[in-house]
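For reference, the chains in residue letters:
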Amino acid sequence: MYETHYHRASSVEDAAALFAKGSDSKFLAGGQTLLPVMKQRLAAPTDVVDLARIPAMIGVEVSGDTVTIKAATTHYDVATNTALQKAIPALAALAGMIGDPAVRYRGTIGGSLANNDPAADYPAAVLALNATVKTNKRSINGDDFFKGLFTTALEDGEIITAVSFPVPAKAGYAKFRHPASRFALTGVFVAKDKAGNVRVAATGASSSGVMRVPSIEQALKANWSASALDGIRISADGLLSDIHGAADYRANLIKVMAQRAVTEAG
Amino acid sequence: MGVEGIGASVVRKEDKRFITGKGRYVDDIKLQGMTHAQFVRSPHAHAKVKGIDSSAALKMPGVVAVLTGQQIVDDKVGNLICGWAVSSKDGTPMKMGAWPAMAPETVRFVGQAVAVVIAETKNQAKDAAEAVVVDYEELPAVANIRAAIAPGAAQLHPEAPGNVVYDWAIGDEAAVKDAFSKAANVVTLELTNNRLVPNAMEPRAAIAEYNDAEEHFTLYTTSQNPHVARLVLSAFYNIAPEHKLRVIAPDVGGGFGSKIFIYPEEMVALWASKKVNRPVKWTGDRTEAFLTDAHGRDHVSKAELAFDKDNKILGLRVKTHANFGAYMSLFSSSVPTYLYATLLSGQYNIPAIYAEVMGVYTNSSPVDAYRGAGRPEASFLIERLMETSARQLKVDPAELRRKNFITVFPHQTPVIMAYDTGDFNASLDAALKTVDYAGFPARQAKAKSEGKLRGIGFSCYIEACGIAPSKAVGSLGAGVGLWESAEVRVNPVGTIEILTGSHSHGQGHETTFAQLISERLGVPISQVQIVHGDTDKVQFGMGTYGSRSLAVGGSAIIKAMEKVEAKAKKIAAHQLEASEDDIVIENGEFKVTGTDKSIALPMVALAAYTAHNLPDGMEPGLKESAFYDPSNFTFPAGTYICEIEVDPGTGKTSFVNFVAADDFGRLINPMIVEGQVHGGLTQGIGQALLEGAVYDDSGQLVTASFMDYAMPRADDVPTYKLQHTTTLCPGNPLGVKGCGEAGAIGASAAVINAITNAIGNNKLEMPATPDRVWHAIHGQA
Amino acid sequence: MSTVKLTVNGRAVSAEVEDRTLLVHLLRDHLNLTGTHVGCDTSQCGACVVHVDGRAVKSCTMLVGQANGANVTTIEGISKGDELHPMQAAFRDNHGLQCGYCTPGMIMSAIDIVNRHGGQLDEATVRQELEGNICRCTGYHNIVKSVLDAAGRMKVSAAAE
């Protein structure tokens, strides 16, 4: 990679200040996305600001009907958090499916969301669970957060500090692994909130990234069961087509993974 | 069998350094004053190089030199060679274009080098390489066989009109025509053998050092055959005369064929080390491995089998197009001809065979031998064809094979190969039993009731290994002989060194070769040191590939041992005042049979080296050398049966069982043999389900990292069930056949046969990804 | 350039290196600990796995600055003198390696797997947990055997302590 300057931030304010001082800065959390990109010389930040040791940004809190995951919490710590496993088991399970064990010790929810890879897992959970992304400047609703391929609503220098999830009545995640990258070729998160509303989010199927699936939401709202989706046909229009999966195959996977997620949710 | 002799599953001596992180791979080596090389590579598949501007790069920190393809030509460094002359049907020699180490005028594949930056650190070399400005004039590219042979296609090399290197054939066209005219049934199959990237886990690397006082080069290289590297670098690339070039292949992290060839990078490193008069190190990254390591396979074929009314095969006709990539690599010409078509008879008694192979240039990475080299392509073809035939003729696939098995040996096939021995029924029977073939219909029905599609598939493979009898391959166009050498040195106080021309890059020779000595002399393997991989230490050898190390390398060791034992017995007899004929060797002692008179090996050695009391006329010392030239190929063979389940919702294939019954002749170390089979099967399964090097129409390699090229992981493959049947190889003193490539040769057909059985659709190409299988079940959109 | 201070295999280490230096290159080039290997450029193959503060981490995907103040253990640091770690012994006894290139990372990952699962490991779990380690030689069959064997040995020695 190109030469850069590394800074370790001790607090959120410190991080924002360090970022502003650099001429072309990037935040570094787990580095499991940023560092490979820098190694390929596709990114050349003059400064990298390390958020991973900021105490206020690490931890999982379950309080009543809300789960709050601090942004620099690793996937491993999310997956193994016993309180989260009780409150939203699907979310803990999702974190345990990201990457591989070594990646999970370093990668973070904040990093995953800020990057918005079209095949990342967390965006599906945030969208389906109707979560709120908290930054050092504001709160952003999940529906307003994801703006397309590697693009989010975050402003330059804005730092995700935490993500809060309402505890659902039912939730499940099913992921079909891309044979090479092991990202989601298609992953579907289904959730029914305590009022009975159903939200379904698919990742990996579209080059714009995570998407809601209205036809599946309607079917599940009427009948929360895998068989309710048997007759559904998802359109291949606008879906990704590449050597690993044609658009119609991804459309099929959206349905099949939704069914398996519903079965997982119970 | 002694505790550490032939047949013992001894743990490996070499493991100690690998498990403690003390292996010595090329990139681990640091020399004083070492510089680092970074190549400037073409982003275009086909382009003219109009000019190279190094001025900005030269000003950057740490840059020692920027060298170009034109400079290599000016210094009269030779072009890369192809070492096997294959002619077309009409007798014309193969049509080859020139391959310079760095392109002075024309680049012909993405990743081909045009210049190299030499700098103090790797990062500085990378930074400066980006500052080298190359003026390319893009040319139209032909990225695949179909595009390359189309009328009006862009031509890669003026020497090869129509991009055809050769149009070769083997067998009897008239006999096959006759057989087909009499056939009761004909089965036709079109199939592709997908292009693969070998991807040994260690990327290629080279360090070159020039001693200007001695005018002597040393090269550390990731090579499977350091002596061949030295020969080629010297005699063809004009780097230096052989006696002024030392090549060392230290620990090498896997090869699978890709590290046989002598690549541009090591040539350039050597040439550059003299130009800058400092050591030059190049370590490839994984992307460079994808772009510049020799790829494997890439055939498109049409095959037809003719049967009589009793379902016995009358004839086989094959037409294959083989992709060579942009340049002819070292052994490339032999892979789709003499290593492929000569195995098309499979395990079957086929009276007439005719195969045509057209070798084609395309704007893609050069293609050469990769684990199996031609035999996976042949085995896949004949075994898919046999399974397809069983389905079309409505007979059991095991029984159709059995009906056509060769049962009398030696068996001369119509395609040069004469199989020495084998028992194909024995391996088929063993595999059928282990997989519980009789119980399959019930298992399939149960799976169906649970919504899964279960299938079973066969592959009865045979291969030609122990490459190879020199005279035979010479008559077929090989530029080299394929014998092997060994030197046995008994040291003055009795330890033994075996200097072998073979090279271990995972095969465990430091243990298995020592076991040969332990078996013969009764000494522990800790007393025996295997020396390999250094042209200064070991006499010329041909290296390791083609499952040859024990069959050929081991036999050379045996021959040298026989000479050592004969001399040692003479010395012992003289010392013990007995007849030579009464001396036997047991537990490291030379004994007079029927008495308690003995002399230990260390004392015999001491006697040899002090020479105080040797038989009249005997030279001092106890060291002998041998060159062993095999009389025939060896023919490992066996049956693989694969049972799988397809999830119809996703098209994903899971393994229920994978059974292998192999006949490798004598097993020296069964644990190591099984490890070779596991690894080969996993590569064969990788080809069938996961792997495929894909080019887009402009010649860009779309699968140029592990993100897009699916390497088998632990959860992609099952725990294998291995067994062995044995017919000893009559052709070499050890009775061994070789085992390194079998898995990669036989596995793919078993997997594809099983999946097509499960889904009831015989049209399925490799890799049978979930996407492809799902479409084969549900149809294209 | 920055000065980084960390502990490697129990020894305090200080190095002045460019900020872009990856942990794997600090280990290989500056500390001459060449047992940790580089096998890919997409953080997938696991040949570079070491332990950082007790966790298996891909050292090719970590800047030295991120490891400042950390406790790093490499393949060279897991045996006690001549006494091999049970995982090393298990790999040798079960022929869990051939060319040896993926082996250091494989062993370090395997130790972490056993640490997280205790003695409760089965074949399917081991295969799944090895997702981040690629081997081209062994076909994984004997690697899985080695890990399960070591899990038993490590359980015994943990109980003995």
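Please read all numbers here as calculations on a predicted model, not as lab measurements.

Calculation notes
- Residues numbered from 1 in each chain as written.
- Chains lettered and ligands numbered in written order.
- Predicted model: local features only at pLDDT ≥ 70, side-chain atom pairs only at ≥ 80, totals over all residues.
- Heavy atoms only, no water.
- Phe/Tyr/Trp six-rings, centres within 6.5 Å; stacked < 30°, edge-to-face > 60°.
- Buried < 20%, exposed > 50% of the residue type's maximum accessible area, 1.4 Å probe, protein only.
- Lys NZ or Arg CZ within 6 Å of the ring centre and 35° of its normal.
- Helix = DSSP H or I, 4+ residues; strand = E, 2+ residues; numbered from the N terminus.
- Lys, Arg positive; Asp, Glu negative; His and termini not counted.
- Salt bridge = Lys/Arg side-chain N within 4 Å of Asp/Glu carboxyl O.
- Polar contact = N/O pair within 3.5 Å; in protein donor to acceptor, adjacent residues only side chain to side chain.
- Contact = heavy atoms within 4.5 Å.
- Buried area = accessible area lost by both parts, 1.4 Å probe.
- Nonpolar A, V, L, I, M, F, W, Y, C, P; charged D, E, K, R; others polar.

Turning next to the packing of aromatic side chains. With the rule as written, the count across this model stands at 30 aromatic pairs over all chains. Their ring planes at 85° and their centres at 5.1 Å tell us that phenylalanine 145 of chain A and phenylalanine 146 of chain A sit as a pair that is edge-to-face. Each member of the pair phenylalanine 145 of chain A and phenylalanine 146 of chain A is classed as buried. Ring-pair connections join several aromatic residues into one group, and the members of that group are Tyr461, Tyr640, Phe655, Phe658 and Tyr720 of chain B. Directly above the aromatic system of tyrosine 263 of chain B lies the positively charged group of arginine 204 of chain B, at a separation of 3.5 Å from the ring centroid. In this structure, arginine 317 of chain B packs its charged tip against the face of phenylalanine 180 of chain B, placed 4.2 Å from the ring centre.

This part covers the side chain of aspartate 368 of chain B. All names here are of chain B. Position of aspartate 368 among the secondary structure elements: in the loop between strand S15 (352-361) and helix H10 (375-393). The charged side chain of aspartate 368 is buried without a salt bridge, its nearest counter-charge being arginine 297 at 9.7 Å. One polar contact links the side chain of aspartate 368 to the main-chain amide nitrogen of phenylalanine 331, over a distance of 2.9 Å. A distance of 3.2 Å separates a polar atom in the side chain of aspartate 368 from the backbone nitrogen of serine 332. Discounting chain neighbours no more than four positions away, the residues touching aspartate 368 are Phe261, Ala294, His295, Gly296, Ser329, Leu330, Phe331, Ser332 and Val335.

Before going further, it helps to examine the interface of chain A and chain B. You'll often see interface size given as the accessible area lost when the parts meet. Each side of the interface is counted separately: chain A has 21 residues, and chain B has 26 residues. Broken down residue by residue, the surface that chain A buries against chain B is led by Arg41, Arg182 and Ile243 of chain A, which jointly contribute 28%. Salt-bridge contacts for arginine 182 of chain A lead to aspartate 716 of chain B; the nearest nitrogen and oxygen are separated by 3.1 Å. Between the two partners, chain A and chain B, sit 14 residue pairs in polar contact (both at pLDDT 80 or more). The element that contributes the greatest number of residues to the side of chain A that touches chain B is helix H11 (residues 247-265) of chain A, accounting for seven residues. For the side of chain A that touches chain B, the residue count by class is 12 nonpolar, five polar and four charged.

Function cannot be inferred from these measures alone, as they are strictly geometric.
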